[in-house]
Amino acid sequence: MGKMNVEPIITFADGSQLLVSSQYSGAGSFTCELYLSVPCKMEKLDLRALSDHLEAPTCREAQDIAFQYARRQFPDSANAMKEPPYLVWSGPSLPVAPDNRGHQHLHR
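About the thresholds
- Residues numbered from 1 in each chain as written.
- Predicted model: local features only at pLDDT ≥ 70, side-chain atom pairs only at ≥ 80, totals over all residues.
- Heavy atoms only, no water.
- Salt bridge = Lys/Arg side-chain N within 4 Å of Asp/Glu carboxyl O.
- Helix = DSSP H or I, 4+ residues; strand = E, 2+ residues; numbered from the N terminus.
- Buried < 20%, exposed > 50% of the residue type's maximum accessible area, 1.4 Å probe, protein only.
- Polar contact = N/O pair within 3.5 Å; in protein donor to acceptor, adjacent residues only side chain to side chain.
- Contact = heavy atoms within 4.5 Å.
- Core = buried A, V, L, I, M, F, W, Y, C linked by side-chain atoms within 4.5 Å.
- Phe/Tyr/Trp six-rings, centres within 6.5 Å; stacked < 30°, edge-to-face > 60°.
- Pairing = 2+ DSSP bridges.

Enquirer: Can you explain the pattern of salt bridges? Please cite residues and give values.
Expert: For side chains of opposite charge, pairing can occur when their charged atoms come near one another. All told, the structure shown has 3 salt bridges when counted by the stated rule. Salt-bridge contacts for Glu7 lead to Lys82; the nearest nitrogen and oxygen are separated by 2.1 Å. Of this pair, Glu7 sits in strand S1 (residues 7–11) while Lys82 is found in the segment after helix H1 (59–73), placing the two residues 75 residues apart along the sequence. Residue Glu7 is classed as buried on the basis of its relative accessible area, which comes to 12%.

Rendered as structure tokens:
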């Protein structure tokens, strides 16, 4: 699995965590996904997706949608959940075009 940003919203009594991942979709919108992280043997995690891409035109709106979704899924823990804003990942770094500053252009 590649890198992804996640931020815990809540840690449950059994050690599992509800995680949110936020990112810019590159199409003028933001998405959030919710995951449940369950500790396993040998310091590994069982990561289960709990939602599809929750999309909105702004990051804060996407995170608010994810937060409300999480509250509906775990109503007994809703008051203990961390509210937005959460971390945002813009995706892998893309190569940058060469910078032409410093080069003189001769005009005739």
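Further notes follow.
Enquirer: Describe in detail unusual backbone geometry, supporting the description with residues and values.
Expert: Cis geometry marks the peptide bond from Pro84 to Pro85, where omega comes out at 15°. On the secondary structure map, Pro85 appears in the segment after H1.

Enquirer: Hey, could you go over the side chain of Ser21 for me, with residue numbers and the actual values?
Expert: As for its position among the elements, Ser21 is in strand S2 (residues 17–24). Exposure remark for Ser21: the relative accessible area of 6% places this residue in the buried category. At a separation of 2.9 Å, a polar atom in the side chain of Ser21 contacts the main-chain carbonyl oxygen of Asn5. Setting aside residues up to four positions removed in sequence, Ser21 forms contacts with Met4, Asn5, Val6, Thr31, Cys32, Glu33 and Tyr35.

Enquirer: Just give me the short version of the nonpolar core, but keep the residues and values in it.
Expert: For soluble globular proteins, nonpolar side chains are generally found buried alongside one another. Judged by nonpolar contacts, the single largest core of 18 residues is most densely connected at Ile9, Leu18, Val20, Leu34, Ala66 and Met81. Of all the secondary structure elements, the ones that give two or more residues to this core are S1, S2, strand S3 (30–39), strand S5 (54–56) and H1. It is H1 that contributes the most residues to this core, 5 residues altogether.

Enquirer: Provide a residue-level description of the packing of aromatic side chains, including the pertinent values.
Expert: Any pair of aromatic rings gets described here by the distance separating the centres and the angle formed by the planes. With the rule as written, the count across this model stands at 2 aromatic pairs. An angle of 40° between the planes, with centres 5.2 Å apart, marks the rings of Phe12 and Phe74 as tilted. Of the two residues, Phe12 sits in the loop between S1 and S2 while Phe74 sits in the segment after H1, which places them 62 residues apart along the sequence. On the basis of relative accessible area, Phe12 is assigned to the buried category, the value being 16%. Note on Phe74: relative accessible area 23%, which makes it partly exposed.

Enquirer: Summarise the pairing of S3; cite the residues concerned and give the values.
Expert: The buried fraction of S3 amounts to 8 of the 10 residues, a majority that puts the element mostly inside the structure. As defined by bridge partners, S3 adjoins S5 across 3 bridges and the pair is classed as antiparallel. Looking at the pairing, Cys32 lines up with Leu54 of S5. Here S3 pairs with strand S4 (residues 45–49) via 5 bridges, running antiparallel. Opposite Ser37, over in S4, you have Leu47 as the bridge partner.

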